[in-house]
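# Close look at the chain arrangement
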Amino acid sequence: MLKLKSIDTEIVLRALAIAAIVFNHAHDFTHSGSFGSGGGMTILMMLSGYSFARFTLEASAIDRASAKALRFGWKLFWPSALLVMFYFVARRQFNLAELLFVSNWLSVNRISIFPVWYIQVIVQMMLGLALLFWIPWVRESFRTRPLASAVCVFLLAGATRYAFPAFVWDTAYLRHQLPHLFLWNFSLGWVIYSCLGSHQAARTPATITLALGCLLVGMLIAWSPSRSDFWLLGLAGAAFILISRVRLPAMLGRIAWLLSQATFVIFLTHRQVLATLIRFFPGSEYRPLFLFIGALAISFAVWFALEAAVRAYRSRHSELSARWLCDTFLPHAPSISRR
Amino acid sequence: MTLESCATVTPTHINLRALLQNHSLNVALQLGDNKTISYAQLLASADTFALALGDTRRLVFLEACPTPEIVAAYLACLIARHPVHLLPPGGGRSSDALIATYRPNLLVSGASARLDWLHGEPVALHPDLALLLSTSGTTGSPRFVKLSLQNLLSNARSIIEYLGIDSGHVTLLSLPLSYSYGLSVLNSHLLAGASLGLTDASPLSGQFWALFDRLEASSFAGVPYVFEALRQDKFQFGDHPSLRYVTQAGGKLSSEMVRHLAAAARQEGWRFFVMYGQTEASPRIAYLPPHLAESFPHCIGIAVPGGELSLLDAKGEAIAAADVEGELAYSGPNVMMGYATARGELSTDETPPLLKTGDLGRRNSEGLYYVTGRSKRIVKPFGFRISLDALEADLKEIATGIACFGDDERVVVAVPVEHRDRVEDLMAQMAGSYKLPRSTFSFMIVPELPRLDTGKPDYGALQRTYAAHQQPQERGLRERLRLAAAVLSPLPFLSQTIAEALALAGIRSASWQGIAEIYARILAVPHVSSAASFDSLAGDSLSYVQASIAIEEYLGAPPPAHWDGMTVRDLEELALKRC
C-alpha cells in the first residue's frame, strides 16, 4: 500500500516554485513563446511575503520589524554579493551598479549569470520596509489592525503597479523589475498570512474570500490571462489559501521537503548549471526537458553536498566542543576549591 | 506488614465493583463514533477480563491506550486485586527494560487489550498493593510508586468533592492514562458515576474540540504547555458552551498565565482550578479555589479535602509562622506505600508518616501555600523531577567517585579522570532511565572530586567551575583554530558528512537529540537555553523551512501551529508527551 505523508502546503509550493523557475529558465535558452513558462518567481515572492509576515508582522514582533527586515535583507545580500564578485572575476568585467545591487534601476543586462535582479528587488524592498516600519504609527496600525493594514499596503502597492508604469514612468524596458512594482506580490503574502495564517480562528469564509479576492486583484494587475504567470500564481495562491496540508506519497513528500530547503541555493546556481550543460552537451539548448532535469538535479546536488557538510561540521563542532570542555577542566583543576 | 505470595484472592474491605455498580445505568464511556458504554457494560467487560486473569494474584503490566477495552482491563485488575503498572502506549525500549526488571506475569497490550501470559512464576505482593506508577521524573526508570486502592479512592473522593463532579458530568480524556494526572481524571469520574469521552486526539487539534462540543463535555484537564500552546493559537475556552471548569496541574503555570485564564473564566462563566500534586500522593495534594486564582496566581492553594499540608524547617520541625520558607510536606490517606525499584520490593508497605515533597514553599497570611523553589538536590528539567542523589547512586554502579549537580536546565555529572572512558556508559544509563533529550545531560572530567570537610562532594565548587567554563568567550583564537582543525579532520568529517547525507535523504533516520540541538545546528547558535524560541534566536524565513522539517522529524508529527514562538522547553514537553 502506498505510504502517504502529510506536508505543509507552503513547503510543497516552495518546491514547485523553484522547480518552475528552473523549468522556465531551461526554456529561456530555446525559445520565448507568447504564453511563456514563467510564474515560479511570483509564487516565491508571495511565499516570501508570507514568511516575512509570520516573523515580522505579529503584534509581539512588530516593534522589531525594521531590524528584522534589515537582517533578512542582509542574509540574502551577502551570499549573492559574493557570487556577483565571483562573476566579476570569472568574466573579467566590473559593474559598480551591480555590485551595489542597484543595476535593476538602470538596465536588464548583467554580468552575473544568476537572476540577481530578484535579490536586488528584495534587498531594496527590505530597506524600504525597514524605513516604513520605523514610523511609529505604521507599527501601531499593524499591531492593532493587522489585516486592514496588510490589505491597505497591498491595495496601495497594487495601485502603484498598475498606475506607475502607465502614468509616471514606463519601466517596461527594465521588465518592471523594481521594488515598488513587486510590493503588491510581496504584500499579497501578508494579506494571506493575516487572513489565514495568524491563527486558526481567523480562517473564516469571510477571510478566505478576502484572501482569494486579493489574489485575483494581484493576478489581474500584474499579468493577463494570456501569460503563464497569471495561471501559476492563481493556482498556487488558491491552493495555498484553501489547503493547509497536502498528502503526498512518502517519496514525493521527501523530495518536496528537500527541494524546499534547497530553494535559495538552486536559485543562485541553476543558471550557471544550465550554461555549463549547454556548453558540455552541444545541442542541448534544443532539449529543454533535459536542461530542466539536469539543472534541477545538479543544483540540488550542490545544496545537498553543502548542507550535509555544514551539518557534519556543526555536529562535530558541538561534539568536540563538549569534549574540549571536559578536557580543559584538567588544566583549570587548581581553580576547584578544596577544603 | 503482611506478605502475601500469590495466595488465593481474599475479599478486600473496599469493594470497588459495588461502588461502580451504583451507577449501572449511567453512561461510563463515550467514543468518537457515537458509541456509548454504560457502567453495567463496563463492569461486565471487566468481570470477563478478571476471569481471564485468574484467581491467583498476578503482577500485570498494561499498555494504557485510551480505549474501553483497556479501561475495562484496568478496572478488572483493581477489582480482582491484581497489582497493575500502566505503561505508556507504544511500548519501546523503556517499557522492555521495565518488563525485564519486574518480570510481570501478564502483559496487556494494544488498543484491544490483548492478554499475554509471560510466565507463572510467583511474585510476592503486598495485600494492599493495587497500582504501580512511574514517578513523573522517571518515566521508564525502574523506580515505581506503590499505591493502594485506598490511596486511589481517597484521592478520587477528594477530587470529586472540591471539583464538584457528579453523575451528570462529562469529560473528554486529554492526558495519557499512564500519567498520574490523566489516571486521576479517570478514577474520579468513574467513582462519581460521571461519563468520560475517550480519544487519542491531541487537545491542540480541532478534532479534539469538535468531539468535546459533540459530547457537551463539562471539563478540561491540561498541563502548562497545552495552555500555552492553546493561548498562542488564540484559543478561547468560552467558545465551548458546555464547559464548566478547567483544571491545570503537571508543573507550574506562570502567574501571568494563571491570571489570564482566571480572568477568562470569570468573564466566560467557567471555573479555573490550579492544582498541585505528586504521583506519590496518588496524585493530588493541593488546589487553589477558583475565586482566589486572580488575586493569588502564584499559589498552589490549600490541601485537598482529607489531607494536610505543612512546612518543615531544616530540622524537620513544623513551621507555624506565615511567610517563612520551608519544605512542603503533606499527610493524608492518599500518600503512597513507598517506592519499589525491583520485583522483590513489591511485598512491603513503607507508607511515610509525612510525604516530603522536595519543594520549598511558604504559606501566606491567607493560609494559601505557594512554591518558592526546590530542595537543592532535586531538579526538574522540562518539568520532570530528577533526584540528583538517586541519580548519583544509580551512576555510581557504573563509575565510583562521580558527583551529580545541576539545575532545571541541565544535569551535570562530574567524572574523575580515571573513569573518563565510562562517559558513554553513563550517558547510556541516563538516556535509558530518563526520557529526556540527551542535551539535558553534560559531563565534566575532573582530576579529583573536590570534597568538603565532611567528605561529601563540594557541589558548590563544581557548579562554579562548570559555570565559569560555560563562557564561550574564554576560548582563545588558538584554541578555536585547534578545535576547527579537529572538526575538519578528513576521515571523521567525511564519515559524518556521509551520515548526515543519509539522514537528509531519509535513508537513515535523523538523529536529532533535542530541540536545542536543532536550533544550535540550523541557526548556528552555540548555546540554546530552554527558554529560547526559534523567534528569539533570530530565526527567519530562510531557516524556517529547515527548522520546521527538523522539528517534525524529531517530534514524529507536524509541529504545532506557531511553534516558532514556543520555547525549547514547550516543544520538548510536547515531544515527551507524544512519546
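Quantities reported herein were computed from a predicted structural model and do not represent experimental measurements.

The next thing to look at is the overall build of chain B. In terms of regular secondary structure, chain B is built from 17 helices and 27 strands. Per-residue burial over chain B gives 56% buried out of 579 residues. Within chain B, contacts between residues separated by at least 24 positions form 66% of all contacts whose residues are at least 6 apart in sequence. By element, 53% of the accessible surface of chain B is carried by carbon and sulfur atoms, the whole surface being about 22,800 Å².

Cis geometry is found at the peptide bond from S282 of chain B to P283 of chain B, where omega equals 0 degrees. Looking at where P283 of chain B falls in the secondary structure, it is placed in the loop between strand 15 (271-277) and strand 16 (284-288). Residue R175 of chain A is not a glycine yet carries a positive backbone phi of 55 degrees. Assignment of secondary structure puts R175 of chain A in the loop between helix 7 (146-168) and helix 8 (179-197). The phi dihedral of S282 of chain B falls on the positive side, at around 65 degrees, and the residue is not glycine.

Residues and elements named next belong to chain B. Strand order in the open sheet made by the 7 strands is 7-6-4-5-9-10-20, with mixed pairing throughout. The two strands at the open ends of the sheet, each matched to only one other strand, are strand 7 (114-117) and strand 20 (339-340). One ladder, built from 2 bridges, connects strand 10 (residues 144-148) with strand 20; its direction is antiparallel. Within strand 20, the residue paired with F144 across the bridge is A340. The strands that helix 5 (residues 149-163) touches are strand 9 (129-134) and strand 10; relative to strand 10, the one it contacts most, it runs at about 75 degrees.

Another point: helix 7 (residues 206-215) of chain B. Residue and element names in this part refer to chain B. Among the residues of helix 7, those classed as buried are F208, W209, L211, F212 and L215. The buried side chains of helix 7 occupy one side of the element, clustering within an arc of 160 degrees when seen end-on. Counted as exposed and oriented over 90 degrees from the buried face of helix 7: G206 and Q207. Here the buried face of helix 7 lies against strand 2 (27-30), strand 11 (170-172), strand 12 (195-197), strand 13 (219-222) and helix 8 (224-232). E216 occupies a position one or two residues after helix 7 and carries a positive phi of about 55 degrees.

On to the sheet that holds strand 26 (residues 411-416) of chain B. Residue and element names in this part refer to chain B. Spatial strand order, 25-26-27: 3 strands in an open sheet with mixed pairing. On the outer flanks of this sheet lie strand 25 (403-406) and strand 27 (441-446), each paired with one strand and no other. Between one strand and the next, the sheet's axes are offset by a mean angle of 25 degrees, whatever the strand orientation. With 4 bridges connecting them, strand 25 and strand 26 associate as antiparallel partners. When the sheet's bridge partners are listed, G406 is paired in strand 26 with V411.

All names here are of chain A. Counted according to the given criterion, the structure contains 50 aromatic pairs over all chains. Centre to centre, the rings of W105 and W169 are 6.2 Å apart; their planes meet at 25 degrees, and the pair counts as stacked. One end of the pair, W105, is in the loop between helix 4 (96-99) and helix 5 (116-132); the other, W169, is in the loop between helix 7 and helix 8, and 64 residues separate them in sequence. Take W105: its relative accessible area is 31%, and that puts it in the partly exposed class. You can call W169 partly exposed: its relative accessible area is 31%. When the centroid spacing of 5.6 Å and the interplanar angle of 40 degrees are considered together, the rings of F300 and W303 count as tilted. In this pair, F300 and W303 both sit in helix 13 (residues 288-328), 3 residues apart, roughly one turn of the helix.

What counts and what doesn't
Per chain, residue numbering runs from 1 following the sequence as it is written. Note on labels: chains are lettered from A, ligands numbered from 1, in written order. A pLDDT threshold of at least 70 governs which residues receive local features in this predicted model, and a stricter bar of 80 or more applies before side-chain atom pairs are shown or counted, although totals over entire chains, interfaces and linings include all residues. Hydrogens and waters are ignored; side-chain quantities use all the structure's heavy atoms. The secondary structure listing takes helices from DSSP runs of H or I that are at least 4 residues long and strands from runs of E that are at least 2 residues long, numbered from the N terminus. Throughout this description, buried means an accessible area under 20% of the type-specific maximum (1.4 Å probe, protein chains only), exposed means over 50%, and partly exposed covers the range between. By definition in these notes, contact holds between two residues if any of their heavy atoms fall within 4.5 Å. The method behind every accessible area is Shrake-Rupley, applied with a 1.4 Å probe, and residues are considered shielded solely by the protein chains displayed. Strands were regarded as paired on the criterion that DSSP finds at least two bridges between them. Angles shown run from 0 to 180 degrees and are taken between the N-to-C directions of axes, each axis being a line fitted to C-alpha atoms and, for helices, limited to the stretch in contact. The directions considered for the arc are those from the helix axis to the C-beta atoms. When two rings of Phe, Tyr or Trp (its six-membered ring) have centres within 6.5 Å they constitute a pair, described as stacked for plane angles under 30 degrees, edge-to-face for angles over 60, and tilted for the intermediate range.

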